[in-house]
Amino acid sequence: MKHRLDSIDDSESLYRAKVKWISDNLCTGLGKVDSRFVEEAILGITEGGSVRLTSISRALKEKIPLHATHKRLSRNLGHESIGKVLLQNLLKLGARQITQDSLLVLYTTDIEKKYAEKMAFLGELGDQGMDIDKGESRKGYEVCEIVGAGNLQPTLLAGPDGEGLEVPHRDFVPLAQSMWSRNAPDYLGSSQHILNLVKEVRRVVGNRGIIVTSQHQDNHALLKPWVESGIDRFIAGQKMDSRLQYRNGIHSVYDLVECCDTPYGGTVFRLGGNRETGIFIHFGFLPVRLPEAPEHPLFLVVLKGLHRPLALLTNEPMRRNRKILQQTLEAYFEQWQVKATNRFIKLDYQFTDIRVLTYERLKNMAALLLVTAYFDSLWPSGKRTLKGIRFEQRYGERDFYDWHSIGSSEEPESDNQHQQM
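Residues numbered from 1 in each chain as written. Predicted model: local features only at pLDDT ≥ 70, side-chain atom pairs only at ≥ 80, totals over all residues. Heavy atoms only, no water.

**Q** Break down the environment of Leu-362 for me, citing the residues and quoting the values.
**A** Structurally, Leu-362 is set in helix 10 (residues 359-378). The sequence separation of Leu-362 and Met-119 amounts to 243 residues, and the corresponding C-alpha distance is 9.2 Å. Filtering out sequence-adjacent residues up to four positions away, Leu-362 remains in contact with Met-119, Tyr-141, Met-179, Ile-354 and Val-356. (Helix = DSSP H or I, 4+ residues; strand = E, 2+ residues; numbered from the N terminus. Contact = heavy atoms within 4.5 Å.)

**Q** Outline the pairing of strand 6 (residues 172-180), listing residues and values.
**A** In terms of residue burial, strand 6 counts as a mostly covered element, since nine of its nine residues are buried. In the sheet, strand 3 (residues 139-149) pairs with strand 6 via eight bridges, with the strands oriented antiparallel. By the bridge assignment, Ile-146 is partnered in strand 6 with Ala-176. (Buried < 20%, exposed > 50% of the residue type's maximum accessible area, 1.4 Å probe, protein only. Pairing = 2+ DSSP bridges.)

**Q** So what about the pattern of salt bridges? Which residues, and what values?
**A** Tallying each qualifying case throughout the model produces 17 salt bridges. Between Lys-20 and Asp-24 there is a salt bridge, with the nearest N and O atoms lying 2.9 Å from each other. One end of the pair, Lys-20, and the other, Asp-24, are both in helix 1 (residues 11-26), four residues apart, so they sit about a helical turn from each other. What makes Asp-24 partly exposed here is its relative accessible area of 44%. Salt-bridge contacts for Arg-52 lead to Asp-353; the nearest nitrogen and oxygen are separated by 3.3 Å. Residue Arg-52 is located in the loop between helix 2 (32-48) and helix 3 (53-60), and its partner Asp-353 is located in the loop between helix 9 (322-348) and helix 10; the two are separated by 301 residues in the primary sequence. Residue class for Arg-52 comes out partly exposed when judged on its relative accessible area of 26%. Salt bridges here are not isolated pairs; linked through shared partners, they connect Arg-36, Glu-40, Glu-62 and Arg-72. (Salt bridge = Lys/Arg side-chain N within 4 Å of Asp/Glu carboxyl O.)

**Q** Explain the packing of helix 6 (residues 190-205) against helix 7 (residues 220-229) to me, and be specific about the residues and the numbers.
**A** Where helix 6 meets helix 7, the closest approach of the two axes is 9 Å, and the angle between their N-to-C directions is 30°. Classified by the angle between their axes, helix 6 and helix 7 sit roughly parallel to one another. For helix 6 against helix 7, the interelement crossing comes out right-handed. Of the residues in helix 7, those in contact with Ser-191, Ile-194, Leu-195 and Val-198 of helix 6 are Ala-221, Leu-222, Pro-225 and Trp-226. Within the contact of helix 6 with helix 7, the residues separate by chemical class into seven nonpolar, one polar and no charged. (Axes fitted to C-alpha atoms, helices over the stretch in contact; angles between N-to-C directions. Parallel < 35°, antiparallel > 145°, perpendicular 65-115°, else oblique. Left-handed = near helix turned anticlockwise from the far one by under 90°. Nonpolar A, V, L, I, M, F, W, Y, C, P; charged D, E, K, R; others polar.)

**Q** Please set out the side chain of Thr-69 residue by residue, giving values where relevant.
**A** Looking at the element boundaries, Thr-69 is found in helix 4 (residues 66-77). With a relative accessible area of 1%, Thr-69 lands in the buried category. A distance of 2.6 Å separates polar atoms of two side chains, one belonging to Thr-69 and the other to Glu-62. (Polar contact = N/O pair within 3.5 Å; in protein donor to acceptor, adjacent residues only side chain to side chain.)

**Q** Give me the lowdown on helix 10, citing residues and values where you can.
**A** Along its 20 residues, helix 10 runs 29 Å from first to last C-alpha, staying within 8% of the 28 Å computed at 1.5 Å per residue. Counted residue by residue, helix 10 has 17 buried out of 20 residues, so it is predominantly covered. (Expected span 1.5 Å × (residues − 1).)

**Q** So what's going on with helix 9? Residues and values would help.
**A** The end-to-end C-alpha distance of helix 9 is 39 Å, a good match for the 39 Å that 27 residues give at a rise of 1.5 Å each. Where burial is concerned, most of helix 9 is hidden: 20 out of the 27 residues are buried. In this structure Asn-321 caps helix 9, since a side-chain oxygen of it lies 3.0 Å from the backbone nitrogen of Lys-323. Downstream of helix 9 by a residue or two, Gln-350 has a phi angle that is positive, lying close to 55°.

**Q** If you had to explain the state of the cysteines to someone new, which residues and values would you point to?
**A** For the structure shown, the criterion picks out zero disulfides. Sulfur of Cys-259: no disulfide; nearest cysteine sulfur belongs to Cys-260 and is 6.5 Å away. What makes Cys-259 buried here is its relative accessible area of 10%. Note on Cys-260: relative accessible area 4%, which makes it buried. (Disulfide = S-S within 2.5 Å.)

**Q** So what's going on with unusual backbone geometry? Which residues, and what values?
**A** In this structure, Lys-61 is a non-glycine residue whose phi angle is positive, near 55°. With respect to the element layout, Lys-61 can be found in the loop between helix 3 and helix 4. The class of Lys-61 is exposed, set by a relative accessible area of 69%.

**Q** Kindly report on the confidence of the model for the protein, identifying the contributing residues and their values.
**A** Model confidence for the protein is summarised by a mean pLDDT of 83, while 81% of its residues fall at 70 or above. This model gives residues 128-134 a pLDDT under 50, and the stretch forms 21 contacts once residues within four places in sequence are excluded. (pLDDT = per-residue confidence, 0-100.)

**Q** Which residues make up the packing of helix 5 (residues 80-95) against helix 6, and what values do they have?
**A** Running from N to C, helix 5 and helix 6 point in directions that differ by 50°, and their axes come no closer than 9 Å. The angle between helix 5 and helix 6 falls in the class oblique. With respect to the hand of their crossing, helix 5 and helix 6 are arranged in right-handed fashion. Residues Leu-91, Lys-92 and Ala-95 of helix 5 form the contact with helix 6, whose own contacting residues are Glu-200, Val-201, Val-204 and Val-205.

**Q** I'd like a description of the packing of aromatic side chains, backed by residues and values.
**A** Describing an aromatic ring pair means giving the distance of the ring centres and the angle of the ring planes. Tallied over the entire structure, the rule returns seven aromatic pairs. Here a set of aromatic residues connected by ring pairs shows up, and it is made of Phe-121, Tyr-141 and Tyr-359. (Phe/Tyr/Trp six-rings, centres within 6.5 Å; stacked < 30°, edge-to-face > 60°.)

Here is the structure:
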């Protein structure tokens, strides 16, 4: 996702001005040396298309030997304060755009290092919250990110001339990141690292936003604190073998999906590249509870008709109303698209090919890549990749709803018309 401004006069100087503008907004609290390094790193990453220090050094085109540039960048990358300050400032900036109903997409991934032997604290990659092949033993680092999406509001940042500059409309905004290794001295457990990141985001954005997670983060160690917090709104994808309380018994999500009445139907559009495929789906919901927190009412939204059923656990109030259920499904579909874009950015900058020896340098480079993703979300327009599933059909730049309802035009009022187990 590297920028090209060939159609604009003096594009290189304008591009460098944009990089400096971003670094100035994010480097508050850093000294001159570290601020200059951040500016050079963003410029080198975007121009070189890689997080490897050699590629960054080459992209800077300094009039000194390449190894001298590389040595200076490596030394500066080891400064502990860089990553911490950048992530703090990035969250503060991004939080300005989060509204009451914005989505806080929680995304976990890992950095596998198949052949690395000397990188610090290489740890086993477990399956808790990670989408990996459980049959393989892998080593690397685990990462959790939170990205704001949907219902974002415009905000003002300090422009190059000191005046306020309005951030253009974006589909997503990177907010926060945490990286850990199971062999590092600061390892707290994958769930605790995720909970700490959510807590930090909540500290800055307050009660605004809805946490959205996929089934890969289906873990009651995460869900229980969110259920009991009283402020954490969430929509969480569920695995079929998870257990939930329904009526007076504990049942698997698979059994609940099988028994759930799905009276609402329509057409959604699966997007991949430039192709659209219409798929008929039907959906409904059940009132459920988390066995570990049975005093808090929850809802299981069920969708059928895709290649496999979809079950979403939420504490958002549900009732027999098509619009409310559809909004919940749309939020989850948008999470898919944000994840696809996030993954695309990482691949575009070859993050899995990062080669640094110290743990601190690795975490700082991850923070710099998140800042680069923030930069990419500003220019050109921060649009999601055309992947995922949508309720509206897309033609070029123009979107419109093409929702085909079935059944009665009147919605039943009762919430108790669910099938017996």
